[in-house]
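The residues making up each chain are set out below.
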Amino acid sequence: MYFRPDTLDHAVQVLASSGGQILAGGTDFFPSLGDRPVTGTVVDISGLGEIRGVITEPKYIKIGGLTTWTEIIQTPLPPCFDGLKAAAREIGSIQIQNRATVAGNLCNASPAADSVPALLTLDAEVELASQVGIRRLPIADFIVGNRKTLRQPGEILSHVFVPRAIENAASTFLKLGARRYLVISIAMAAAVIQRSSTGHITDARVCVGSCSAVARRLRELELKLIGAPARAELGLLATAHDLGDISPINDVRATAAYRRDAALTLVQRALDACARGS
Amino acid sequence: MKKELVGLRVNGRTHELAIEPSKLLLDALRQDLQLTGSKRGCDDSSCGACTVHVDGIPMLSCTMLAASCEGQEITTIEGVSEHGSLAAIQKAYGDWGGAQCGYCTPGFIMTVKHLLAENPKPTEEEIRGALSGNLCRCTGYNQMYQAIKAAVEAEQKGMAAAR
Ligand SMILES: Cc1cc2nc3c(=O)[nH]c(=O)nc-3n(C[C@H](O)[C@H](O)[C@H](O)COP(=O)(O)OP(=O)(O)OC[C@H]3O[C@@H](n4cnc5c(N)ncnc54)[C@H](O)[C@@H]3O)c2cc1C
Ligand code: FES
Ligand code: FES
């Protein structure tokens, strides 16, 4: 069976009654099938205009789950989104960015999902809609493992909420792949740095991705950065010790040791870039 | 899946197709509409040979259902010629040897058409970035970059001449 509901209300009903699989942009959905045909019930949510686009609310910037990466890149947003925009530009190719959605990247929950480190540094929350209503939880709680989330079968990720408290902070995202374009991350880092009028850091968020089942915030490093002057070579404050409990794996793309080394360099460069930009 | 009627607008014409709703847009174009310009070059959405425009935006027709496109305007390589003759970029690909076997070419042309519509004077770096979602296994890319630059120049000369 195939359903293409045109309202979120209808979509959660159909999802509950059919137990179908959600199809959004399809850029994870179809490649995972290889050359097998689609089977089972599909709830195609690509027509749900109401959960697409970005809205500025008093306390949050609210991103519709179906917003594409191209739309994120093209929407004027405050500086704390520079990191998320940089991540969006790294997702696959232009054709992929034109189709792939924010919610799809989060629900697919790959350890190499490029948007996750940036959204974690923004303390973003997800909103999940189901027949019984909506609930909200931090992305940090939502993604629990390699391709594992707390999404219940009847839930649609309807929005992502980004608190505006630090919207003017500098932010960045850096990704290392085996080539320039169309590549899965070997390691990646996102950073958000807010500084006071005297140039001292008042808030710091740093996150490393592709080096553990779920991207990790480096809390110890963040604490260490607070109060430091935000100037060139800020990155030197980060050391191998600060990578703490990341647990990179050996795989076809890189060894664990290489990933650890690359992650540190990316963190240092990300901090330098934020210090220059803030 | 049981067949259903799916309404598709392709290259300015409306079609009612009795197809399985699970049918990929690429397969509907090739099998049901005999528009075989768009190609399948991979099974993991990575080659770009199937690129078409959906409401003017390049997307991979192998990675979406035909049924997802109801109400949208699809343009394939068959729809890019201008008044029955080759578009400037198609002609430039021919003139500059931008195609050898040609399998990847329709996908590239769709990508380049969109690039030039958004950015009529792209830099080499912008061209490389824009084409990064399309793969070619035989021609190599330099001839294509040359073809694109030639098409850009031709366009500018044409515009200057028209002034
Ligand atoms: C060639 C290629 C390159 C890629 N490169 C990258 C890359 O560099 N970096 C990267 O991070 N990703 C990459 N991806 C993966 C993919 O493009 C992204 O993860 C994308 O954001 C997924 O979004 P989608 O809308 O296409 O998801 P879909 O494929 O439609 O869905 C993905 C999963 O999420 C579920 N889902 C989707 N939307 C919702 C929702 N609103 N609520 C609940 N569940 C939902 C679906 O059921 C499915 O399980 C690449 C993919 C391809 C094909
Ligand atoms: S056939 Fe290769 S990307 Fe569509
Ligand atoms: S011309 Fe043969 S694959 Fe590109």
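We now turn to the structure provided with this report. Note that the structure is a prediction, hence the values are computed from the model and not measured.

Rules and cut-offs
Residues numbered from 1 in each chain as written. Chains lettered and ligands numbered in written order. Predicted model: local features only at pLDDT ≥ 70, side-chain atom pairs only at ≥ 80, totals over all residues. Helix = DSSP H or I, 4+ residues; strand = E, 2+ residues; numbered from the N terminus. Rg over C-alpha atoms; globule rule 2.2 N^0.38 Å. Buried ≥ 20, exposed ≤ 12 C-beta atoms within 10 Å, placed from the backbone. Contact = placed C-beta atoms within 7 Å. Pairing = 2+ DSSP bridges. Axes fitted to C-alpha atoms, helices over the stretch in contact; angles between N-to-C directions.

Re the overall build of chain B
Per the secondary structure count, chain B includes five helices and five strands. Scaling as 2.2 N^0.38, a compact globule of 163 residues should have a C-alpha radius of gyration of about 15 Å, and chain B matches this with 16 Å. For the C-alpha atoms alone, the extent of chain B along its principal axes is close to 55 × 35 × 25 Å. Here chain B holds 163 residues, and the buried ones make up 44% of them. Looking at chain B alone, contacts between residues at least 24 apart form 57% of all its contacts between residues at least 6 apart.

Let's talk about the sheet that holds strand β14 (residues 216–217) of chain A
Picture the strands of a sheet paired through backbone hydrogen bonds; they go either parallel or antiparallel. Residue and element names in this part refer to chain A. Reading across from one edge, β11-β12-β13-β14 is the order of the four strands in this open sheet, with antiparallel pairing throughout. Strands with a single pairing partner mark the edges of an open sheet, and in this sheet they are β11 (170–176) and β14. Across two bridges, the pairing between strand β13 (residues 201–209) and β14 is antiparallel. When the bridges of β14 are listed, Cys-207 appears paired with Arg-217. Contacting β11 and β12 (187–195), helix α3 (residues 82–90) crosses the sheet at an angle of about 25 degrees to β11. Here helix α9 (residues 256–277) sits on the sheet in contact with β11, β12 and β13, set at roughly 30 degrees to β12.

Here we look at the environment of A:Ser130
All names here are of chain A. Here Ser-130 lies in strand β6 (residues 125–130). The exposure class of Ser-130 is partly exposed, given the 18 C-beta atoms found within 10 Å. For the pair Ser-130 and Ala-112, spaced 18 residues apart in sequence, the C-alpha to C-alpha distance is 27 Å. Ignoring any residue separated from it by four or fewer positions in sequence, one finds Ser-130 in contact with Val-12, Gln-152, Gly-154 and Glu-155.

Describing the sheet that holds β6(A)
All names here are of chain A. Taken in spatial order, the five strands of this open sheet run β4-β5-β10-β6-β7, and their pairing is antiparallel. Either end of the sheet is taken by a strand with one partner, and the two such strands are β4 (54–56) and β7 (133–138). If you compare each strand with its neighbour and ignore which way they point, the axes differ by 25 degrees on average. Of the pairings in the sheet, the one linking β6 to strand β10 (residues 156–163) comprises five bridges and is antiparallel in character. By the bridge assignment for β10, Glu-125 is matched with Phe-161. Of the strands in this sheet, β6 and β10 are in contact with helix α1 (residues 8–18), which crosses β10 at around 130 degrees.

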